[in-house]
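Structural characterization, general
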Amino acid sequence: MSVRFSILMPAYNREKYVGQAIDSILSQTFTDYELFLIDDGSTDKTVQIAESYGSRVKLLRQTNQGFRHERRGA
């Protein structure tokens, strides 16, 4: 399979929704993509759910960074 683009899915404590979101992406007929889930230090089962998809989801983990707002052009 040739990868034409990457899908980046940020997540933080979304165990209730992350499986449905992943399923929605994986059910698409277009398959020339890779799916990355970027976990922002979740403390619920978000990571375990993502891991249950095996190699279909590439999991990147980091400690919680929270929301960052950058102001540009003062």
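Looking now at the pattern of salt bridges. Evaluation of the coordinates by the stated rule reveals one salt bridge. We note a salt bridge from Lys58 to Glu34, for which the minimum N-O separation is 3.9 Å. Of the two residues, Lys58 is situated in strand β3 (residues 58-62) and Glu34 in strand β2 (residues 33-40); the sequence distance between them amounts to 24 residues.

Remark: the centre distance and the inter-plane angle together describe each pair of aromatic rings, the angle taken between the planes. Scanning the entire structure with this criterion turns up two aromatic pairs. Their ring planes at 15° and their centres at 5.5 Å tell us that Phe5 and Phe30 sit as a pair that is stacked. Taken together, the residues span a long stretch of sequence, with Phe5 in strand β1 (residues 5-11) and Phe30 in the loop between α1 (18-26) and β2 at a distance of 25 residues. Here Phe5 falls in the partly exposed class, since its relative accessible area comes to 36%. An aromatic cluster is built from Phe5, Phe30 and Tyr33, whose rings are joined through pairwise contacts. Against the face of Phe36 rests Lys58, its NZ or CZ located 5.9 Å from the ring centre.

What counts, and at which threshold
- Residues numbered from 1 in each chain as written.
- Predicted model: local features only at pLDDT ≥ 70, side-chain atom pairs only at ≥ 80, totals over all residues.
- Heavy atoms only, no water.
- Salt bridge = Lys/Arg side-chain N within 4 Å of Asp/Glu carboxyl O.
- Helix = DSSP H or I, 4+ residues; strand = E, 2+ residues; numbered from the N terminus.
- Phe/Tyr/Trp six-rings, centres within 6.5 Å; stacked < 30°, edge-to-face > 60°.
- Buried < 20%, exposed > 50% of the residue type's maximum accessible area, 1.4 Å probe, protein only.
- Lys NZ or Arg CZ within 6 Å of the ring centre and 35° of its normal.

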